[in-house]
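# Observations on chain architecture
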Amino acid sequence: MQHSSFSFKLSPATLAVIAACVLAAGGALVYSGTSRAADEPKASQPRPAMTVTTAQPQRTAVPVRLAANGNVAAWQEASVGAESNGLRLTDVRVNVGDVVKAGQVLATFAAETVQAEVAQVRASLLEAQANAAEAAANADRARSLQATGALSQQQIQQFTTAEKTAQARVEAAQATLNAQQLRLKHTQVVAPDSGVISARSATVGAVVGAGTELFRMVRKGRLEWRAEVTSTELGRIQPGAKVQVVADSGAKAEGTVRMVAPTVDPQTRNALVYVDLPPGTDFRAGMFARGDFGLGTSDALTVPQESLVVRDGFSYVFVVGGEQRVQMRKVQTGRRVADRVEILAGLDANAAVAVRGAGFLNDGDLVRVVSGTTPAAGSSPTSMTPDFKQKTALALTGQALEAIN
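A brief report on the enclosed structure follows. A quick note: this is a predicted structure, and the numbers were derived from the prediction, not measured.

Let us now look at the environment of serine 315. Here serine 315 lies in strand S18 (residues 314-320). Since its relative accessible area comes to 14%, serine 315 is described here as buried. The spatial distance from the C-alpha of serine 315 to the C-alpha of glutamine 332 is 6.8 Å, given a sequence separation of 17 residues.

The structure is reproduced here in structure tokens:
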């Protein structure tokens, strides 16, 4: 059995062409590696420490506010006391926290003694009225006989005087009856105005004297915040200004300035500003609260809050210079509104301030400024090094020469 063998051989001309192509490709790779090696000195230049975004300071209308502290108090307090003397309390109908209306009965006293005195005085009034009627009739008869001479002028004068005396006794008895009826009315303690009961000292069975306080109430349920403001700031506050009030409990409300006190405390040099609080809030009389008076707006130089760096208790910003190097500048900050901070001193309005990445910079760092967000690391493809390209070209050339041989 015969085995046939087949061998493929290239002609010398074909091999020469292949070798020329391989040598040309190797030369191109070597040239590319050489040119990249020539560019390597540029890579020795300093690389940026951080990629940042920049922004210029802006003129912004910032609200002007004045902060103050103070206490929450009742707009007006009413003291409800006993007007009858020596009577016993029989019923107390309200307690602390109850909302009452004007004229509502709060407590009652025992009325039996007063009722008996009223009846006695009424009987005395009836007796005085009867005596007055008799005296009036006698005086009329005496005056009718004056022309006849049956009675002397002295007798007529006596009857007339008796009539006036009896009438005076009627009026005195009527006044006594009115006083006793008023005392009977005072056996019921009523609310002088609508409001909320804030204190109670009335106890059932107690015998109290006239003028003894039984209840204390907040009139109309109205509360106010009494802010303490220095005398130098009083001129900036006007009635009608809005105030944001916040209590330690977390309660918040928008109040309105009702009035500014006309006097200043000579010891503290502070004055009170009375701020009306809206009804239905969670504030309570006696609370401590803080507030900000709205005094309009003013034009201010502001920068993004992200550009502000706090180090060692001081505030700084980084200004990007012409050579892409940053300079750390100490600034004085003021008010804050949204995500911007007012700069009072230390910064030029035309400066370019580093924003994103500012917290990682140091004075004199070289940066690369981009617009928008910073590109993600590793997003660009990795290039081949010149040594790798040269070795690849030499290997291909050697293989080509072996194939030719």
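A few words now on the environment of alanine 251. Tracing the sequence through the fold places alanine 251 in the loop between strand S13 (242-247) and strand S14 (252-260). Look at alanine 251 and you get buried, because its relative accessible area is 9%. Along the chain, alanine 251 and alanine 289 lie 38 residues apart, while their C-alpha atoms are 9.0 Å from each other. Contact partners of alanine 251, with chain neighbours within four places excluded, come to Val245, Val246, Asp282 and Phe283.

The geometry of an aromatic ring pair is captured by the separation of the ring centres together with the interplanar angle, meaning the angle of the planes. Going through the model one piece at a time under the given rule, you end up with 1 aromatic pair. In this structure, lysine 330 packs its charged tip against the face of phenylalanine 314, placed 3.7 Å from the ring centre.

Attention shifts here to the layout of surface pockets. The calculated volume of the largest pocket comes to roughly 400 Å³. Here the lining of the largest pocket gets 3 residues from one element, more than from any other, and that element is strand S9 (residues 195-200).

Even without being glycine, arginine 269 reaches a positive phi, approximately 60°. Structurally, arginine 269 is set in the loop between S14 and strand S15 (270-276). Positive phi, normally seen in glycine, also occurs at glutamine 324, with a value near 60°. Tracing the backbone shows glutamine 324 in the loop between S18 and strand S19 (326-337).

The strand order across the open sheet formed by 4 strands is S8-S7-S5-S10, and the pairing between neighbours is antiparallel. Bordering the open sheet on either side are strand S8 (188-190) and strand S10 (207-208), each of which pairs with just one other strand. In this structure, strand S5 (residues 87-92) lies alongside strand S7 (residues 105-109), joined through 3 bridges in antiparallel fashion. In the strand pairing of S7, leucine 89 is matched with phenylalanine 109.

Read from one edge of the open sheet, 4 strands run S4-S11-S9-S6, paired in antiparallel fashion. Sheet topology places strand S4 (77-81) and strand S6 (99-100) at the edges, where each strand pairs with a single neighbour. Pairing between S6 and S9: 2 bridges, direction antiparallel. Bridging across to S9, valine 100 finds its partner in glycine 195.

Okay, helix H2 (residues 112-144) next. The end-to-end C-alpha distance of H2, which contains 33 residues, comes to 49 Å, matching closely the 48 Å that a straight helix rising 1.5 Å per residue would cover. For H2, the set of buried residues is Val114, Val118, Val121, Leu125, Ala128, Ala132, Ala135, Ala139 and Ala142. Considering only its buried residues, H2 is in contact with S5 and helix H3 (153-185).

Along the chain, aspartate 365 turns up in the loop between strand S21 (353-354) and strand S22 (367-369). A distance of 2.8 Å separates a polar atom in the side chain of aspartate 365 from the backbone nitrogen of asparagine 362.

Counting residues in each nonpolar core, the largest one holds 30 residues, and the members touching the most others are Val100, Leu106, Phe109, Leu214 and Phe215. Put simply, the parts of the chain that give this core at least two residues each are S4, S5, S7, H2, H3 and strand S11 (213-219). In terms of residue count, H2 provides more of this core than any other element does, 7 residues in total. Residues within four places of valine 100 in sequence aside, it is in contact with Val94, Leu106, Ala191, Asp193, Ser194, Gly195, Ile197 and Met217. With 25 residues, the next largest nonpolar core counts Ala68, Val229, Ala271 and Phe283 among its residues.

What follows covers the packing of H2 against H3. Where H2 meets H3, the closest approach of the two axes is 7 Å, and the angle between their N-to-C directions is 160°. Accordingly, the angle class assigned to the pair H2 and H3 is roughly antiparallel. Note that H2 runs across H3; the crossing there is left-handed. By residue class, the composition of the contact of H2 with H3 is 18 nonpolar, 11 polar and 6 charged.

So, how was this worked out
- Residues numbered from 1 in each chain as written.
- Predicted model: local features only at pLDDT ≥ 70, side-chain atom pairs only at ≥ 80, totals over all residues.
- Heavy atoms only, no water.
- Helix = DSSP H or I, 4+ residues; strand = E, 2+ residues; numbered from the N terminus.
- Buried < 20%, exposed > 50% of the residue type's maximum accessible area, 1.4 Å probe, protein only.
- Contact = heavy atoms within 4.5 Å.
- Phe/Tyr/Trp six-rings, centres within 6.5 Å; stacked < 30°, edge-to-face > 60°.
- Lys NZ or Arg CZ within 6 Å of the ring centre and 35° of its normal.
- 1 Å grid on protein atoms, 1.4 Å probe; cavity = no way out; pocket = protein on both sides within 12 Å on 5 of 7 lines; lining within 4 Å.
- Points joined across faces, edges and corners; volume = space filled by probe spheres on them.
- Pairing = 2+ DSSP bridges.
- Expected span 1.5 Å × (residues − 1).
- Polar contact = N/O pair within 3.5 Å; in protein donor to acceptor, adjacent residues only side chain to side chain.
- Core = buried A, V, L, I, M, F, W, Y, C linked by side-chain atoms within 4.5 Å.
- Axes fitted to C-alpha atoms, helices over the stretch in contact; angles between N-to-C directions.
- Parallel < 35°, antiparallel > 145°, perpendicular 65-115°, else oblique.
- Left-handed = near helix turned anticlockwise from the far one by under 90°.
- Nonpolar A, V, L, I, M, F, W, Y, C, P; charged D, E, K, R; others polar.

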